[in-house]
Amino acid sequence: MAYTEKQRLIEMHEPRWSSVWTWFGFLGMVGLVWALQVWAITMGPGWLVVPLVLVLAHLYHSHLLAFHEAAHGSLCPDQRWNDRLGVFIGMFGFMVFSLFRAVHHSHHAYLTTERDEELWPFVKTDKPRWFRRLAAALELGLGLVYTPGLFLRAFLRKGSIIQNRARRRRIWAEIALMAAVWSGIVAATAWWDAWKFLLVMFVVPASLAGFMQSLRKYIEHMGLTGSTVLSSTRTIVSPGRVGRFLAFTLFHEPYHGVHHKFARLPHSVLPMFTADLTPTLPGEICPFPTYRDALKDMICSLSDPRIGAQWLRLSRDGNKDDRGRHRLVSPYPFSVAVK
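Now for a description of the structure that goes with this document. As the structure is a computational prediction, the values presented were derived from the model and not from experiment.

Across its full length, the chain carries 13 helices and zero strands. Overall size of the chain, expressed as C-alpha extent along the three principal axes, is 65 × 50 × 45 Å. Across the 339 residues that make up the chain, the buried fraction comes to 48%. At a minimum sequence separation of 6, the contacts of the chain that also span at least 24 residues come to 69%. Looking at the chain as shown, the accessible area adds up to about 16,700 Å², and 66% of this sits on carbon and sulfur atoms. Taking the average location of the 38 positive side-chain charges in the chain and that of its 24 negative ones, the two points are 3 Å from each other.

What follows is the structure, given as structure tokens:
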């Protein structure tokens, strides 16, 4: 890499205040939609609640990605405030910030291998198909509950990757804080008998956001059996204004290949590195123009959900009946066959 390219990459890694203001903008929109929902429930037309719930679901999904940005230290240049914002945002998605950061590191360090805690159990060749199917159904249908449970499993299981005592104490403290905050929210809701408001302002849209989060995660990785970043991730680079705006509202997470190549790049600069998404090795995948196209590429893999090059090795060695049909036949070892 030339010196000027290294300098540019170093400069691009500097956190930007613009990410914080973007999140504050989305937070303000949440407040506005809440106000409209209260008006629709108490005075306005009741049918308005449904589209407002859908808007909230997308905004909550955006907040989950702001949380992800904070976990990489890229939401705010001031790292103390970055972490505080991460704790605050995660609290309303039942995600423990310090726990997510530790487990998410394994996703980047051991992408799609059996040590990738975030893609368990789909990276584990010893898990039967029925078990992986059940996990996929639960993650897609109950993502709001399943995803926090997935991270708690990584924390509580025997042989957890999180062994540092100070970090474990910090995680327990954040769990206690979340329990206290939500106890207060539930108590206040019961006191004012505001269950209907909690349902339409949080429970339903947050559940939809959990589904969106899980579906996006699957579009990014499910069914891919490559060993490089571009053969184990799907990236969406839309040529249209609507697609680019959608990517902005998702903190440019659709540029997923770039994110896995340069994990600490602030979201706002990810589109500047689309040249790095050009396949250079057999089996690497070109960016998709829309989520719809990427979904079509992923959907068949749900019949036998698996991720990682270890499945190709297993299939090639003939140790297990290969009943999967998606991206498992490849002339190139440890890579993904291009359709």
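Now for the packing of helix α6 (residues 129–141) against helix α9 (residues 195–221). Two measures define how a pair of helices packs: the angle their axes make with one another and the distance between the axes. For the pair α6 and α9, the least separation of the axes is 7 Å and the interaxial angle reads 135 degrees. Here α6 lies oblique to α9, going by the angle between them. Here Ala135, Ala136, Glu139 and Leu140 of α6 come into contact with α9, specifically with Phe211, Ser214, Leu215, Lys217 and Tyr218. Its residues assigned to classes, the contact of α6 with α9 comprises six nonpolar, one polar and two charged.

A separate point is the pattern of salt bridges. Summed over all chains, the structure comprises 11 salt bridges. Notably, a salt bridge pairs glutamate 117 with arginine 153, separated by 3.3 Å at the nearest N-O pair. Placement of glutamate 117 in the loop between α5 (97–109) and α6 and of arginine 153 in helix α7 (residues 143–156) is noted, with a sequence separation of 36 residues between them. Classification of glutamate 117 as buried rests on a relative accessible area of 7%.

The grouping of Val50, Leu54, Leu199, Val203, Val204 and Leu208 at the surface amounts to a nonpolar patch, some 460 Å² of accessible area in total. Breaking the nonpolar patch down by element, the ones donating at least two residues are α3 (49–71) and α9. Relative to the helices and strands, valine 203 is located in helix α9. Accessibility expressed as a relative area gives 34% for valine 203, which makes it partly exposed.

Here we take up the nonpolar core. Core analysis: the biggest nonpolar cluster contains 67 residues, and Leu75 and Leu99 have the highest contact counts within it. It is α3 that contributes the most residues to this core, 11 residues altogether. Among all residues touching leucine 75, those that are not within four sequence positions of it are Arg16, Ser19, Val20, Trp23, Ala66, Glu69, Ala70, Asn82, Leu85, Ile89 and Phe251. Residues Ala247, Leu265, Phe273 and Leu277 belong to the second largest nonpolar core, which totals 12 residues.

This part takes up the state of the cysteines. By definition, a disulfide is the covalent link that joins the sulfur atoms of two cysteine residues. A full pass over the atoms with the stated rule returns zero disulfides. Just so you know, cysteine 300 is unpaired, no disulfide at all, and the nearest cysteine sulfur is the one on cysteine 286, 20 Å from it. Its relative accessible area of 49% is what places cysteine 300 among the partly exposed residues.

Here the focus is unusual backbone geometry. A cis amide bond links tryptophan 120 with the next residue in sequence, proline 121, at an omega value of 5 degrees. Among the structural elements, proline 121 can be located in the loop between α5 and α6. The backbone phi angle of threonine 112 is positive, close to 60 degrees, even though this residue is not glycine. Mapping threonine 112 onto the fold places it in the loop between α5 and α6. Residue classification places threonine 112 among the buried residues on the basis of a relative accessible area of 3%. Despite not being glycine, phenylalanine 251 has its phi angle at roughly 50 degrees, a positive value. Inspection of the secondary structure assignment puts phenylalanine 251 in the loop between α10 (241–249) and α11 (256–261). The buried category is assigned to phenylalanine 251, whose relative accessible area is 1%.

Reading the values: the criteria
Residues numbered from 1 in each chain as written. Predicted model: local features only at pLDDT ≥ 70, side-chain atom pairs only at ≥ 80, totals over all residues. Heavy atoms only, no water. Helix = DSSP H or I, 4+ residues; strand = E, 2+ residues; numbered from the N terminus. Buried < 20%, exposed > 50% of the residue type's maximum accessible area, 1.4 Å probe, protein only. Contact = heavy atoms within 4.5 Å. Areas by Shrake-Rupley, 256 points an atom, 1.4 Å probe, with all protein chains shown as cover. Lys, Arg positive; Asp, Glu negative; His and termini not counted. Charge placed at Lys NZ, Arg CZ, Asp CG, Glu CD. Axes fitted to C-alpha atoms, helices over the stretch in contact; angles between N-to-C directions. Parallel < 35°, antiparallel > 145°, perpendicular 65-115°, else oblique. Nonpolar A, V, L, I, M, F, W, Y, C, P; charged D, E, K, R; others polar. Salt bridge = Lys/Arg side-chain N within 4 Å of Asp/Glu carboxyl O. Patch = residues over 30% accessible without salt bridge, like charges linked within 9 Å, V, L, I, M, F, W, Y side chains within 5 Å. Core = buried A, V, L, I, M, F, W, Y, C linked by side-chain atoms within 4.5 Å. Disulfide = S-S within 2.5 Å.

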